[in-house]
Amino acid sequence: MEAMSSSPWDAVIFDYGRVLSLAPSEAELQEFAALVGVTEPPFFEIYSATRHDYDCGRADFRQHWQAFAETAGVELRPAQVERIAGMETLMWLRVNPEALELAREITAHGLRTAILSNMPHDLLAEVRKFSWLDEFQVKIWSCELGTVKPDPVIYRACLDALGCPEGRMLFFDDRLNNVEAARDLGMEAHIFESAEQARAIVRAGMGSSSQ
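Below or above, wherever it landed, is the structure these notes cover. This one's a predicted model, so the numbers in the text were calculated from it and none came from an experiment.

## Here we look at the overall build of the protein
Right, so step 1: When helices and strands are tallied, the protein shows twelve helices and five strands.
Right, so step 2: Against the globule reference of 17 Å for 211 residues, the protein gives a C-alpha radius of gyration of 18 Å, in line with a compact fold.
Right, so step 3: The contacts of the protein with a sequence gap of at least 6 include a subset with a gap of at least 24, amounting to 68%.
Right, so step 4: Accessible area of the protein: about 9800 Å², with a carbon and sulfur share of 51%.
Right, so step 5: Distance from the positive charge centre (19 side chains) to the negative charge centre (33 side chains) of the protein: 3 Å.

Spelled out as structure tokens, the structure:
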């Protein structure tokens, strides 16, 4: 990224899942769904819809998968839940090297970076083993705050930690409802499609601000 003399933002916020981490492949989702005993679709829809308490830190993985089983109308044995939880964690631990490189480029140009993620304690314990987390000045995890995106409270917590006004923030997330919530607060927000797409947005913004 070419050096720019100014920027329309003071900080850039990244989601974790499917942004800083690689998305599970279709094959992985199919294998995961088969292990759970629910076809895909509608597996991932149920999976996403039953995560609220888990991501808020009010349920552990056993309680989460029990809630899933009740919603899906399946029975999950304790040993099966252990295997499911292990596979789930592995699926979300593959770092997106291109997104991480973009975050480093942004930092090198004098902007702060942050992570704002809906994440349960179980996964967070493993994610915290990544040494590169220290490169982000602010990290907001839903399980520690007790609320999830798109609740405005979690965005406010990130803004307060960064000490930046809403209009000076750039946010990337893979979910439209999370992006729309950020925009409602006055942030510039985009659905993350790829590191290349996000880099183009950053370059365009910095280029226009220096003209």
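There is more to say, and it comes next.
## Re helix H11 (residues 176–184)
Right, so step 1: Turning to H11, its buried residues are Asn178, Val179, Ala181 and Ala182. The buried side chains of H11 occupy one side of the element, clustering within an arc of 160 degrees when seen end-on.
Right, so step 2: The elements touched by buried residues of H11 are helix H10 (152–162), strand E4 (169–173) and strand E5 (188–191).
Right, so step 3: In the stretch just after H11, Gly186 is the one whose phi turns positive, near 100 degrees.

## Focus: the packing of helix H2 (residues 26–36) against helix H6 (residues 78–91)
Right, so step 1: At a closest axis distance of 10 Å, the pairing of H2 and H6 adopts a crossing angle of 165 degrees. One element, H2, and the other, H6, form an angle in the roughly antiparallel class. At the point where H2 passes H6, the crossing takes the left-handed sense. Counting all contacts with H2, which are made through Glu28, Glu31, Phe32, Leu35 and Val36, the residues of H6 involved are Gln80, Arg83, Ile84, Met87, Glu88 and Met91.
Right, so step 2: Split by residue class, the contact of H2 with H6 holds six nonpolar, one polar and four charged.

## Looking at the nonpolar core
Right, so step 1: Counting residues in hydrophobic clusters, the biggest one holds 52 residues, and the most contacted among them are Phe14, Phe32, Val36, Phe43, Trp65, Trp132 and Phe172.
Right, so step 2: In contact with Phe43, not counting residues within four places along its chain, are Phe32, Ala33, Val36, Val38, Trp65 and Phe68.

## A look at the packing of helix H5 (residues 61–72) against H6
Right, so step 1: The geometry of H5 relative to H6 is characterised by a closest axis approach of 10 Å and an angle of 105 degrees between their N-to-C directions. Overall, the two elements H5 and H6 adopt an arrangement that is roughly perpendicular. Contact with H5, carried on its side by Phe61, Arg62, His64 and Trp65, involves Val81, Glu82, Ile84, Ala85 and Glu88 of H6 and no other residues of that element.

## Let's talk about the side chain of Ser21
Right, so step 1: In this fold, Ser21 is placed in the loop between helix H1 (16–20) and H2.
Right, so step 2: Here Ser21 is in contact with Tyr16, Trp92, Arg94, Val95 and Asn96, once residues within four sequence places are set aside.

## Considering the packing of aromatic side chains
Right, so step 1: The final tally for this structure, using the stated rule, is 14 aromatic pairs.
Right, so step 2: Ring centres of Phe32 and Tyr47 lie 6.0 Å apart, and the angle between their planes is 80 degrees; on these two criteria the pair is classed as edge-to-face. Here Phe32 is found in helix H2, whereas its partner Tyr47 is found in helix H3 (residues 43–49), with 15 residues between them in sequence. The same class applies to Phe32 and to Tyr47, which are both buried.

## Examining the pairing of strand E1 (residues 11–14)
Right, so step 1: Burial along E1 is two-sided: the residues Ala11 and Ile13 and Val12 and Phe14 are all buried.
Right, so step 2: Note: E1 against strand E2 (residues 112–117), four bridges, orientation parallel. Residue pairing for E2: Val12 is matched across the bridge by Thr113.
Right, so step 3: Where E1 and E4 come together, four bridges link them in parallel fashion. Opposite Phe14, over in E4, you have Phe172 as the bridge partner.

Scoring rules and cut-offs
Each chain has its residues counted from 1, following the order in which its sequence is written. Totals for whole chains, interfaces and linings use every residue, but because this is a predicted model, local features are given only for residues with pLDDT of at least 70 and side-chain atom pairs only at 80 or more, for both listing and counting. Side-chain figures throughout are based on the complete set of non-hydrogen atoms in the structure, without hydrogens or water. Only DSSP runs of H or I with at least four residues qualify as helices, and only runs of E with at least two residues qualify as strands; both kinds are numbered from the N terminus onward. For the radius of gyration, the atoms used are the C-alpha atoms, and the globule rule reads 2.2 Å times the number of residues raised to 0.38. Throughout, a residue-residue contact means that at least one pair of heavy atoms, one from each residue, lies within 4.5 Å. Areas reported here follow the Shrake-Rupley algorithm with a probe of radius 1.4 Å; residue values treat only the protein chains shown as occluding. All tallies of charge rest on Lys and Arg as positive and Asp and Glu as negative; His and the ends of each chain are not included. In this description, the location of a charge corresponds to atom NZ of lysine, CZ of arginine, CG of aspartate or CD of glutamate. Here's how the labels work: a residue is buried when its accessible area is under 20% of the maximum for its type, exposed when over 50%, partly exposed in between, all with a 1.4 Å probe on protein chains only. Regarding the arc, it is the one traced by the directions from the helix axis to the C-beta atoms. Axis lines are fitted through C-alpha atoms, for helices just across the contact stretch, and the angle between N-to-C directions can take any value from 0 to 180 degrees. Each angle receives one of four descriptions, namely roughly parallel if under 35 degrees, roughly antiparallel if over 145, roughly perpendicular if within 65 to 115, and oblique otherwise. Left-handed describes a crossing whose near helix is turned anticlockwise from the far helix by less than a right angle; the clockwise case is right-handed. Residues are grouped as follows: nonpolar covers Ala, Val, Leu, Ile, Met, Phe, Trp, Tyr, Cys and Pro; charged covers Asp, Glu, Lys and Arg; every other residue, Gly included, is treated as polar. By nonpolar core is meant a set of buried Ala, Val, Leu, Ile, Met, Phe, Trp, Tyr and Cys residues that side-chain atoms within 4.5 Å join together. Only Phe, Tyr and Trp rings take part, Trp by its six-membered ring, and two of them pair if their centres are within 6.5 Å. Stacked means planes under 30 degrees apart, edge-to-face means over 60, and tilted covers everything else. Criterion used throughout: strands pair if DSSP finds at least two bridges between them.

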